[in-house]
Amino acid sequence: MNSQSGYKTKQREAILKYLVDNSDSHVTVCQIADYLSSNGNHVGVTTIYRHLEKLLEQGLVRKYTVDGSTGACFQYVQENSRCREHFHLKCEKCGCLIHLECSHLDELYEHIYDDHAFRINPFRTVFYGICKECSAKENTK
């Protein structure tokens, strides 16, 4: 093994470790790059995307494209994860992305499929609004 491929493996391991450590969040390539850089591991954005694409192909990572103005988010997905089975909430103020697992939405999903012969793609289903924290800030003004 040459030193360059070993370096790429270390980069991949560092990216994967960050994703695993943040598996309860959706992270952007910029967040990954900032983390790696702050730990002395300077990895270019193009290299991070290349590693993420390979992790996507392997089924270790999910990619979420939330809207046209925000870059894609990525999340490590454990084998028994239910991430593919829920919707997301996106705050229009602070930009946070929240997993929404709610039996009422499961009922909606089933209703739309059963009554309208349409299957919703939860990877691309995002409800937009204002999160609890931003609502509280607005109410205190």
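Scroll up to find the structure this text is about.
Residues numbered from 1 in each chain as written. Predicted model: local features only at pLDDT ≥ 70, side-chain atom pairs only at ≥ 80, totals over all residues. Heavy atoms only, no water.

1. Details of helix α4 (residues 103–116)
Counted at 1.5 Å a residue, the expected span for α4 with its 14 residues is 20 Å, and the 19 Å between its end C-alpha atoms agrees. Trailing α4 by a residue or two, Ala117 shows a phi angle of about 50°, which is positive. (Helix = DSSP H or I, 4+ residues; strand = E, 2+ residues; numbered from the N terminus. Expected span 1.5 Å × (residues − 1).)

2. Describing the packing of aromatic side chains
Evaluated as defined, the whole model comprises 2 aromatic pairs. Relative to Phe74, the ring of Tyr49 lies with its centre 6.4 Å away and its plane at 70°, an arrangement referred to as edge-to-face. Highlighted residues: Tyr49 in helix α3 (residues 45–57) and Phe74 in strand β2 (residues 73–76), separated in sequence by 25 residues. (Phe/Tyr/Trp six-rings, centres within 6.5 Å; stacked < 30°, edge-to-face > 60°.)

3. Re the pattern of salt bridges
Note that side chains of opposite charge can pair when their charged atoms are close. A complete count under the given rule lists 3 salt bridges for this structure. A salt bridge links Asp21 to Lys17; the shortest N-O distance between them is 2.6 Å. Within this pair, Asp21 and its partner Lys17 are both found in helix α1 (residues 3–21), separated by 4 residues, close to a single helical turn. Look at Asp21 and you get partly exposed, because its relative accessible area is 46%. The partner of Glu138 in a salt bridge is Lys93, and the shortest N-O contact between them spans 3.1 Å. Taken together, the positions of Glu138 in helix α5 (residues 132–140) and Lys93 in the loop between β3 (87–91) and β4 (97–100) put the pair 45 residues apart, joining distant regions of the chain. (Salt bridge = Lys/Arg side-chain N within 4 Å of Asp/Glu carboxyl O. Buried < 20%, exposed > 50% of the residue type's maximum accessible area, 1.4 Å probe, protein only.)

4. What to know about the packing of helix α2 (residues 29–38) against α3
Across the interface, α2 lies against α3 with an axial gap of 10 Å and an inter-helix angle of 115°. The orientation of α2 with respect to α3, classified from their angle, is roughly perpendicular. Handedness of the α2/α3 crossing: right-handed. Within the contact between the two elements, α2 uses Val29, Ile32, Ala33 and Leu36 and α3 uses Val45, Ile48, Tyr49 and Leu52. Here the contact of α2 with α3 is composed, by residue class, of 8 nonpolar, no polar and no charged. (Axes fitted to C-alpha atoms, helices over the stretch in contact; angles between N-to-C directions. Parallel < 35°, antiparallel > 145°, perpendicular 65-115°, else oblique. Left-handed = near helix turned anticlockwise from the far one by under 90°. Contact = heavy atoms within 4.5 Å. Nonpolar A, V, L, I, M, F, W, Y, C, P; charged D, E, K, R; others polar.)

5. A look at the pairing of β3
In terms of burial, β3 is largely enclosed, as 4 of its 5 residues are buried. Here 4 bridges tie β3 to β4, and the two strands are oriented antiparallel to one another. Following the sheet pairing, Phe87 is matched in β4 by Leu100. Turn length for the β3-β4 hairpin, with the two strands adjacent in sequence and antiparallel, is 5 residues, and the turn residue Gly95 shows positive phi of about 85°. Here β3 pairs with strand β5 (residues 126–129) via 4 bridges, running parallel. The partner of Leu89 across the bridge, within β5, is Phe127. (Pairing = 2+ DSSP bridges.)

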